[in-house]
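Understanding the architecture of this molecule
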Amino acid sequence: MSREPAGSAPAPATGRRPGLKERIVRRYRLLPLRSRLAVLTAVAVAVAVAASAAACWVVTRDRLTEQVDETLKRQGVAAEYVQDLAGRCNSPVPGNVQLRLPTPYTVQIVMSDGSVCTWWEKTRIPAETSDVDVAQGRSGEALHTTRAADGTEMRVITRPYRGPLIDASGHQVAVSIATPMDPVTQPLNQLALILLIVTGVGVLGAATAGLWVARAGLRPVDRLTEAVEHVARTEDLTIRIPVDGEDEIARLSRSFNSMTAALASSRDLQQQLIADAGHELRTPLTSLRTNIDLLVRSEQSGRQLPAEDKQALLSSVKAQMGELAALIGDLQELSRTPETGPGGAGSVPVVALHDIVDAALRRARLRGPTLDITAELDPWYVRAEPAALERAVVNLLDNAVKFSPEGGAVEVALRKGELRVRDHGPGITEEELPHVFERFWRSPSARSLPGSGLGLSIVARTAYQAGGTVELRAAAGGGAEAVLNLPGAATPPPDLPEG
C-alpha cells in the first residue's frame, strides 16, 4: 500500500467551472436593485420590440411576395415564342424573335428529364423537383423561390405547355416564368435596418426610462434606508420619514414611523420605570440604613438601647426588608418577557380560573381574619400562565383586604369569565381612576399603607397577555369594585389533565 509523504498537503478539490449562464446570473444578482430594474425593463422592451419587428417584417415579406406571385400568374407566353425558343435553344446565334414579355422576366422550357432551355440573354435557372413534376404531368403548377446560376434570387412559376412541343423522350414540356426578388428583398432589407435602429433606440430609451423610474420609485426606500442607518448609528428614535400617498412604500414608511415611535415610548417607559424604582427603593433603604446605624452605634458605644426600642427597630428592619423583597418581586414580574401576545395560544396551558381564585381566597382570609369574605365561583377555564394569573388575582384580593375596614365585607363572584371583587372601603374618586393601573402610582389615602404601587399594574399586564381586560370603578353604596374579564369556556378541553 502506497503512502503519501509526511507533511504533504491534500490536493485541492477541482470544482466545475461555472458556465456562461451561471456567470451572467451571478453578475446580475450583484447589481443594485435600481440597475436590475433598468435591465429587466430594457430586456422586456427589447423582447416586445423584437417580436413586433419580426411580425412586421414577416407580414411585409408575405404581402410583397403575394404581389409578385399575382403578377407572375397574370403573365402569359406566346406559342410562337416557345416554338422559336425550342428551335433555337442550341443555336449560338439567336434568331430574330420579337419578345412579348417585359424584359425583367426570364422564360425557359423545362424538360421531363430536368434540363432547361433558356433564352440566351437570360441567366439559366436550374429546375427543381416541383418543376420536373409539372413537366412530367404529375403537377399542374409550381410556384417557388430559387436562385439562378449567377446567384440572383428568383421567384419562379412553372406551368405545363399545351402546344405541340415535346422533348427528346417524347414527353410534354413545361414553361417557367421567373422574375428577380429584388422588389421584395430590397424593401425588406431597408425595413430590417429601420426596425433594427428603432429596436436599439427603444431599448436604450427603455433602459434610461427604467433607470429613471427605478431611482424615482426607490427614492422613498433610500430615505428609509438612511433613516434606519441613522437610528443604528445614533440610537435617535425621534426621526420620522415623510409619508406621501397610499402605496406600499407609504405603508412601509408609516410602519417604520410607528416602530420608532413604539421603541421611543418603550425606552421612555423603561427609563421612567428605572427612575420610579430608584425613587421607591430609596425610602425603605434610607429607613433601613438609619435603623441599622442606630443599632451599630449602640453596640459600638456600649450604650444599650432599651429593650422596647431595640425590638421596635428590629421589627422596623424586618418590615422594611419585607417591603424591599415585595418591591423587587413586583419589579421582576413586570420585567418578565411574555411568551405570547394578547390572546395568543403558543405553549400557554389551559387553567381553571375558579381554582386559582379559590386558592387566592384562602390566602386573603389569612391576611384579613376579621373580614367577611364571601365568594360565588362558577367553573371557568382560561389559557394563561398559572403563576402570573394567581399573582394577579391575589393582588386584586389584597387590594380589597387592604382598603376594607375592620369587620368589613369583601364580595367575590366569578360568572362567565367575569371576576368581580368588591370591597366596602373608602372607594376611589373619579380623578384617581385614570391612574390606578400606572406603575408606582398610589392614591394619597393609600401612601401610608404598605405596598409598592405595582399590584394593579401587574394585574393589567396579566389581563393583556391573556387577551382580557381589567377595570376598577367606584361601587354603588361606597367602596370600590374591580372587574377582570378573561376569555375562556365553562367546560375544560378534553386534554386538560386532572387537578
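In this report, we go over the structure that sits alongside the text. Given the structure is predicted, the values throughout are model-derived calculations rather than measurements.

Things to note about the pattern of salt bridges
- Scanning all chains against the criterion turns up 13 salt bridges.
- A salt bridge links R61 to D62, with the shortest nitrogen-to-oxygen separation between them at 3.2 Å.
- On the accessibility criterion, R61 (32% relative accessible area) is partly exposed.
- Judged by its relative accessible area of 33%, D62 falls in the partly exposed class.
- One network of salt bridges, with partners in common, ties together E418, R420, E471, R473 and E481.

Quick notes on the packing of helix α8 (residues 353-367) against helix α9 (residues 386-403)
- Close contact between α8 and α9 brings their axes to 9 Å; oriented N to C, the two are set at 40 degrees. Comparing the axis directions of α8 and α9 gives the class oblique. The element α8 and its partner α9 pack so that their crossing is right-handed. Listed contacts from α9 to L353, I356, V357, A359, A360, L361, R363, A364 and R367 of α8 are P386, L389, E390, V393, V394, L397, D398 and V401.
- By residue class, the composition of the contact of α8 with α9 is 13 nonpolar, no polar and four charged.

Observations concerning the packing of α9 against helix α10 (residues 455-465)
- As a packed pair, α9 and α10 sit with axes 9 Å apart at the nearest point and diverge in direction by 135 degrees. Relative to α10, the element α9 lies oblique. The crossing of α9 and α10 is left-handed. Residue-level inspection shows A388, L389, R391, A392, N395 and L396 of α9 in contact with α10, the latter providing G455, L456, I458, V459 and T462.
- A breakdown of the residues in the contact of α9 with α10 according to their chemical character gives seven nonpolar, three polar and one charged.

Re the pairing of strand β3 (residues 142-147)
- Burial of β3 is one-sided: the residues A142, H144 and T146 facing one way are buried, the residues L143, T145 and R147 facing the other way are not.
- Where β3 meets strand β4 (residues 153-160), six bridges bridge the pair, whose relative direction is antiparallel. Residue pairing across strands places H144 opposite V156, the latter belonging to β4.
- As consecutive antiparallel partners, β3 and β4 are separated by five residues, and within that stretch G151 has a phi angle of approximately 90 degrees, a positive value.

Looking at the sheet that holds strand β7 (residues 372-377)
- Taken in spatial order, the five strands make up an open sheet running β7-β9-β10-β12-β11, and their pairing is mixed. The strands lining the two open edges of the sheet, one partner per strand, are β7 and β11 (469-474). With direction set aside, neighbouring strand axes in the sheet form an average angle of 10 degrees.
- The pairing of strand β9 (residues 409-415) with strand β10 (residues 418-423) spans six bridges and is classified as antiparallel. Among the inter-strand pairings, A413 is bridged to a residue of β10, identified as R420.
- This element, α8, spans β7, β9 and β10 of the sheet and lies at about 175 degrees to β7.
- This element, α9, spans β7, β9, β10 and β12 (480-485) of the sheet and lies at about 20 degrees to β10.

Reading the values: the criteria
Residues numbered from 1 in each chain as written. Predicted model: local features only at pLDDT ≥ 70, side-chain atom pairs only at ≥ 80, totals over all residues. Heavy atoms only, no water. Salt bridge = Lys/Arg side-chain N within 4 Å of Asp/Glu carboxyl O. Buried < 20%, exposed > 50% of the residue type's maximum accessible area, 1.4 Å probe, protein only. Axes fitted to C-alpha atoms, helices over the stretch in contact; angles between N-to-C directions. Helix = DSSP H or I, 4+ residues; strand = E, 2+ residues; numbered from the N terminus. Parallel < 35°, antiparallel > 145°, perpendicular 65-115°, else oblique. Left-handed = near helix turned anticlockwise from the far one by under 90°. Contact = heavy atoms within 4.5 Å. Nonpolar A, V, L, I, M, F, W, Y, C, P; charged D, E, K, R; others polar. Pairing = 2+ DSSP bridges.

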